[in-house]
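So the chains spell out like this:
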Amino acid sequence: MASPKVEMRLIGRTDSVDFPDLGLTDVRAKIDTGAYTSSIHCYNIKLVKEKLVFYLPAHKGEKRKRFVAKAFELKSIKNSFGQTEMRYVIKTRIVIFGKAFQAEFSLADREKMRYPVLLGRKLLRNRFLVDVSLEDLSLSQKRTAAESVLH
């Protein structure tokens, strides 16, 4: 029996995404088919009374933001060097092409990386086809929609 055809969207090698639950918009993201789990840059990650406390860097002139997650997991994740490390993973909504998806993100120090967000295969699977020759397709669509509202 044939499985139903899944409608997949074309995405480039980079884009900008929104995290409505974290109050972040237009965050630069790298699409990484080599990574299984997606990750987001944060720091000062601490376990306090069975709750996960972490900070996201200042964004667009705002002050850094403190977050407390009651639901999280500690998972074994391979880093970019192929070494396994234990990282905290949270679930949050991400908006790409105007659609919200619930996804897992490992909390990682990406200070030295060009992109604060990495989108891995688990999020991309059955949703997106990656064309590495393209960039910022979701951001372009968002800007076009905003311009059409203004005119």
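Data block above holds the structure.
Predicted model only: the values in this text are computed from it and were never measured.

Whenever I open this one, the side chain of Arg110 confuses me. Can you help?
Take Arg110: it is sitting in the loop between β10 (99-108) and β11 (117-119). At 2.9 Å, the side chain of Arg110 and the backbone oxygen of Tyr115 are in polar contact.

Looking at this structure, I do not really get the pairing of strand β5 (residues 43-48). What am I missing?
Consecutive side chains of a regular strand alternate in pointing toward one face of the sheet and then the other. With 4 bridges joining them, β5 and strand β6 (residues 51-56) adopt antiparallel strand pairing. Residue Val48 lies in a different strand from β6, and its bridge partner there is Lys51. Once β5 ends, the chain turns through 2 residues before running back antiparallel as β6, passing Lys49 with a positive phi of about 50 degrees.

In this structure, what is going on with the environment of Gly23? I would like to understand it.
Its place among the elements puts Gly23 in the loop between β2 (14-19) and β3 (24-31). Sequence spacing of Gly23 and Lys65 is 42 residues, and the spatial spacing of their C-alpha atoms is 9.2 Å.

Mind showing me how you'd approach the nonpolar core here?
A general tendency of soluble globular proteins is for nonpolar side chains to be buried together. Within the largest apolar cluster, 29 residues are counted, with the highest numbers of intra-cluster contacts made by Phe19, Phe54, Ile94, Ile96, Phe105, Leu119 and Leu123. Among the secondary structure elements, those contributing two or more residues to this core are β2, β3, β6, β7 (65-69), β9 (84-96), β10, β11 and α1 (121-124). Residue contacts for Ile94: discarding those within four places in its chain leaves Val17, Asp18, Phe19, Lys99, Ala100, Phe101, Ala103, Phe105, Leu119 and Leu123.

Where do I start with the packing of aromatic side chains in this structure?
Centre distance and the angle of the planes are the two values used to describe a pair of aromatic rings. Considering all chains together, one arrives at 6 aromatic pairs under this definition. Every member of this aromatic cluster is reached through a ring pair, and the members are Phe97, Phe101 and Phe128.

What's the story with the sheet that holds β7 in this structure? I'm lost.
Pairing between the strands of a sheet is mediated by backbone hydrogen bonds and can be parallel or antiparallel. Read across the open sheet, the 3 strands follow the order β5-β6-β7; overall the sheet is antiparallel. Strands at the two margins of the open sheet, each flanked by one partner only, are β5 and β7. Averaged over all neighbouring strand pairs, the angle between strand axes comes to 20 degrees, with direction disregarded. Here β6 pairs with β7 via 5 bridges, running antiparallel. Its bridge partner lying in β7, Phe54 is registered against Phe67.

How should I be thinking about unusual backbone geometry in this particular structure?
A negative phi holds for most residues other than glycine; trans holds for most peptide bonds. One non-glycine residue, Asp26, lies in positive phi territory at about 50 degrees. In this fold, Asp26 is placed in strand β3. Located in the positive-phi region is Asp136, a residue other than glycine, with phi close to 55 degrees. Considering the arrangement of structural elements, one finds Asp136 in the loop between β12 (128-130) and α2 (137-150).

Thresholds applied
Residues numbered from 1 in each chain as written. Predicted model: local features only at pLDDT ≥ 70, side-chain atom pairs only at ≥ 80, totals over all residues. Heavy atoms only, no water. Helix = DSSP H or I, 4+ residues; strand = E, 2+ residues; numbered from the N terminus. Polar contact = N/O pair within 3.5 Å; in protein donor to acceptor, adjacent residues only side chain to side chain. Pairing = 2+ DSSP bridges. Core = buried A, V, L, I, M, F, W, Y, C linked by side-chain atoms within 4.5 Å. Buried < 20%, exposed > 50% of the residue type's maximum accessible area, 1.4 Å probe, protein only. Contact = heavy atoms within 4.5 Å. Phe/Tyr/Trp six-rings, centres within 6.5 Å; stacked < 30°, edge-to-face > 60°. Axes fitted to C-alpha atoms, helices over the stretch in contact; angles between N-to-C directions.

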